[in-house]
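# Per-entry structural report
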Amino acid sequence: MIFLTVSLVSIFGAAARESQLEPGIEIPAAGRSRARIVMAVAAVAVVGILFLGDMWWTSIATTEANTNVYKAPPVEVSLSGENTLVLKIGPSPWHEHRKQMQLDNIIPDHGHLMHLFLLRMPEMDDFYHLHPEESAIGTFTDKIPAVGGGSYAVFADIVRESGFPDTMTAKIDLPAKDKGATLTGDDSNTVAQKISTVQTDRTTAPLGSGVHVEWLLDTTTLRAQKPELLRFRVTRNDGGVANDLEPYMGMAGHLVIFRRDLAVFAHVHPAGSIPMAALGLLQQSNASGGHSMAGMSDDVTTNEITFPYGFPQAGDYRLFLQVKRAGHVETAVFDAHVKP
């Protein structure tokens, strides 16, 4: 752009200086002075046009980014009292532009209006899967259990009435608490090894009393942007088949995936990453009647669970596999390195 600007100014200067002279005629002093004036005026005009053009372009780009490029709504996370977590969903120009901003049109997904994930950083060693209740339009609250103090990454999943999902992110510093709300129902927590101390090639992880999980990899190398079937087998430590698996929120299992720098987050089911509420709406609108889709059954008839997924970026990942056994939610933790 600098080269083009200098060239354009030079052309104006040459035109003012010698365009009307006959070949071979020496340029008079008046012509040189006139050329300098014209070049100065041309430089101011060109720079001014570029400046105004940049202002216009920035304004249009900002407007388009707010209304036509999707951004998840902001969420403000705070601690009220000693152990009440408060989440307030902020305005979203993108949803506002599409008349989808009404925060009272959130629908349940797996029986809950919000799925909240807390992950202690940077070691990814304390993980919570909670389900806050809506206390007012756009505001959710939950009594948090005893937590290890530190900085937590927050991921809040909701699904709108149209079937459109939002995953909102934030951070919060939580003080260490020895006492807190008791985890019941679908809420769960697990404490894992610090990610800086583990190897990423482990394919076996403990799950609960007398049981472990095997990650059945079809390849020794995971690649980014390549569709994979992530298969896991729950096995008793004595080699027998674990036959006490139960549906967890209507699914055989849930898989939560984080890249180490949090640039990637995914909440995946055996049916994929589409929210089940959205999938249900799609089935209802199917003119041929509700046909069954993989992963929608709440029957757990095998000790193997498969999740379709493709890692979008290379890097180090931590995976939290959640299943339900004998009425209790249990979590197995895996680490993986994904190559380009």
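All of the points below concern the structure found in this document. (Residues numbered from 1 in each chain as written. Predicted model: local features only at pLDDT ≥ 70, side-chain atom pairs only at ≥ 80, totals over all residues. Heavy atoms only, no water.)

### Some points on a nonpolar patch on the surface
There is a patch of nonpolar side chains on the surface, built from M1, F3, L4 and L50 and spanning about 480 Å² of accessible area. The topology assignment puts M1 in the segment before helix 1 (2-18). Residue class for M1 comes out exposed when judged on its relative accessible area of 64%. (Patch = residues over 30% accessible without salt bridge, like charges linked within 9 Å, V, L, I, M, F, W, Y side chains within 5 Å. Areas by Shrake-Rupley, 256 points an atom, 1.4 Å probe, with all protein chains shown as cover. Salt bridge = Lys/Arg side-chain N within 4 Å of Asp/Glu carboxyl O. Helix = DSSP H or I, 4+ residues; strand = E, 2+ residues; numbered from the N terminus. Buried < 20%, exposed > 50% of the residue type's maximum accessible area, 1.4 Å probe, protein only.)

### Things to note about the packing of helix 1 against helix 2 (residues 29-67)
Contact geometry for helix 1 and helix 2: axes closest at 8 Å, N-to-C directions at 150°. Considering the angle they form, helix 1 stands roughly antiparallel to helix 2. Regarding helix 1 and helix 2, the two cross each other, and that crossing is right-handed. Across the interface between the two elements, T5, L8, V9, S10, F12, G13, A16 and R17 from helix 1 touch G31, R32, R34, A35, V38, M39, A42, A43, V46 and L50 from helix 2. In the contact of helix 1 with helix 2, the residues fall into 11 nonpolar, 4 polar and 3 charged. (Axes fitted to C-alpha atoms, helices over the stretch in contact; angles between N-to-C directions. Parallel < 35°, antiparallel > 145°, perpendicular 65-115°, else oblique. Left-handed = near helix turned anticlockwise from the far one by under 90°. Contact = heavy atoms within 4.5 Å. Nonpolar A, V, L, I, M, F, W, Y, C, P; charged D, E, K, R; others polar.)

### Considerations on the side chain of H95
Its location among the elements puts H95 in helix 3 (residues 93-97). A polar side-chain atom of H95 sits 3.3 Å from a polar atom in the side chain of R160. (Polar contact = N/O pair within 3.5 Å; in protein donor to acceptor, adjacent residues only side chain to side chain.)

### Considerations on helix 1
Over its 17 residues, helix 1 runs 24 Å from end to end, which matches the ideal 24 Å to within 8%, given 1.5 Å per residue. Buried residues of helix 1: T5, V9, G13 and A16, and no others. For helix 1, the angular spread of buried residues about the axis comes to 65°, placing them on one side. Summarising the geometry of helix 1, the exposed residues directed more than 90 degrees from the buried face are F3, L4 and I11. Looking at the buried positions of helix 1, the neighbouring elements they touch are helix 2. (Expected span 1.5 Å × (residues − 1). Arc of directions from axis to C-beta.)

### Notes on helix 2
Here helix 2 contains 39 residues, and its C-alpha end-to-end distance of 57 Å stays within 8% of the 57 Å for a straight helix at 1.5 Å per residue. Listed as buried for helix 2 are G31, A35, A42, V46 and T67. In this structure, the buried residues of helix 2 make contact with helix 1 and helix 3.

### A look at the nonpolar core
Nonpolar side chains tend to gather and get buried jointly when the protein is soluble and globular. With 30 residues, the main nonpolar core has L230, F232, L255, I257, F311 and L319 as its most contacted residues. Looking at this core, the elements that each hand over two or more residues are strand 11 (204-208), strand 12 (211-216), strand 14 (228-236), strand 16 (254-259), strand 17 (265-268), strand 18 (304-309), strand 19 (315-325) and strand 20 (328-339). Apart from residues lying up to four places away in sequence, I257 is in contact with L230, V264, F265, A266, V268, Y309, F311, Y317, R318 and L319. Ranked by size, the runner-up nonpolar core spans 22 residues in total, among them L116, Y128, V147 and V154. (Core = buried A, V, L, I, M, F, W, Y, C linked by side-chain atoms within 4.5 Å.)

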